Amino acid sequence: MIQISALPAFTDNYIWLLQDHATQRCAVVDPGDAAPVQAWLDAHPGWVLSDILVTHHHHDHVGGVEALKNATHATVYGPASENIPARDMALNDNDTLSVLGLDFDVYAVPGHTLGHIAYYHHGLLFCGDTLFAAGCGRLFEGTPAQMHHSLSRLAALPEDTLVYCTHEYTLSNLKFAAAVEPGNPDIAARLEKVSRLRSEGVISLPSTLALEKLTNPFLRTTETFVKQKADERNGQRNETPSEVFAALRAWKDKF
């Protein structure tokens, strides 16, 4: 069994740590800072960092890669079309890789950045800044249509999939979700729960795709009330789910 835990970094990033207790090998996802990972390794002698998985090129996801590679000689995986420091394996859509005995499928999910990828093993999704708990990433490089398509691909995975995104944005995302669907009881219940967790300093992740489909407005663009709210916000009829998504994302950017 692989144990997964979060190493906090910066103000709201999580570096995901995967541990294989049988071999005492571990992997990390999106180490924007080497220090939390190195501190964990120093506190757990005998453990070897064997793999580093990167979803996209932003500094808060790759800033620690080179130092960790130099210190541990871990294999670095990352998107082929982005500039990833110390990358050993350049990955494209539909590629597969084996990490700690688990086979991961690579999904190209452009939107936040053009080369952004996600890693999926049955039951586990490491999606960087594409899909967030109750939200999605900002569109720094891609188009709304690209991001909507990327989110739709991820939403088609099994509903029991655990969603390991890389920021603690859940509370603010749920406040926006409640503005989009004030009458949604699932959003209200989740907002209450996450508010309590965060007040106690407890992490709100991982989520599940089932929960996201109930509470994440960016995965609910075909819902009548969500479409009506998007139409109301931008004063036009949004004919397609992608247009609804674009209206929601523009609203969230200013929320």
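Keep in mind that what you see is a predicted model, and the values were worked out from it rather than measured. (Residues numbered from 1 in each chain as written. Predicted model: local features only at pLDDT ≥ 70, side-chain atom pairs only at ≥ 80, totals over all residues. Heavy atoms only, no water.)

### Topic: the sheet that holds strand β13 (residues 162–165)
Taken in spatial order, the 6 strands make up an open sheet running β7-β8-β9-β10-β13-β14, and their pairing is mixed. Since the sheet does not close on itself, it has two edges, and those belong to β7 (96–99) and β14 (207–208), each with one partner. Direction of pairing for strand β8 (residues 102–108) relative to strand β9 (residues 117–121): antiparallel, over a ladder of 4 bridges. Counted as the bridge partner of Y107 is A118 from β9. The strands touched by helix α4 (residues 144–155) are β8, β9 and β10 (124–128); relative to β8, the strand with the most contacts, the crossing angle is about 150°. (Pairing = 2+ DSSP bridges. Helix = DSSP H or I, 4+ residues; strand = E, 2+ residues; numbered from the N terminus. Contact = heavy atoms within 4.5 Å. Axes fitted to C-alpha atoms, helices over the stretch in contact; angles between N-to-C directions.)

### Things to note about the pairing of β9
Summarising burial for β9: 4 of the 5 residues are buried, a large majority. Relative to β10, β9 runs antiparallel, the two sharing 3 bridges. The partner of Y119 across the bridge, within β10, is F126. (Buried < 20%, exposed > 50% of the residue type's maximum accessible area, 1.4 Å probe, protein only.)

### Details of the state of the cysteines
According to the stated counting rule, one finds 0 disulfides in the structure shown. Of all cysteine sulfurs in the structure, the one in C165 sits closest to C127, which takes part in no disulfide; the separation is 5.5 Å. (Disulfide = S-S within 2.5 Å.)

### Details of the pairing of β7
Side chains of β7 alternate between two faces, with L97 and V99 buried and T96 and S98 left unburied. Pairing of β7 with β8, which is carried by 4 bridges, proceeds in the antiparallel orientation. Within β8, the residue paired with T96 across the bridge is D105. Between the antiparallel neighbours β7 and β8 lie 2 residues, among them L100 with a positive phi of about 55°.

### Thoughts on the domain arrangement of the protein
According to the domain assignment, the protein consists of domain 1 (1–92) and domain 2 (109–254). A C-alpha centroid distance of 25 Å is found between domain 1 and domain 2. Between domain 1 and domain 2, the residue contacts involve 23 residues of the former and 23 residues of the latter. The contact between domain 1 and domain 2 buries some 1,800 Å² in all, and 66% of this surface belongs to carbon and sulfur atoms. Inspection of the domain 1/domain 2 interface yields 0 salt bridges. At the boundary of domain 1 and domain 2, one finds 17 residue pairs in polar contact (both at pLDDT 80 or more). Looking at the side of domain 1 that touches domain 2, the elements that each hand over two or more residues are β1 (2–9), β2 (13–20), α2 (59–62) and β5 (75–79). (Domains from an automatic or database assignment. Buried area = accessible area lost by both parts, 1.4 Å probe. Salt bridge = Lys/Arg side-chain N within 4 Å of Asp/Glu carboxyl O. Polar contact = N/O pair within 3.5 Å; in protein donor to acceptor, adjacent residues only side chain to side chain.)

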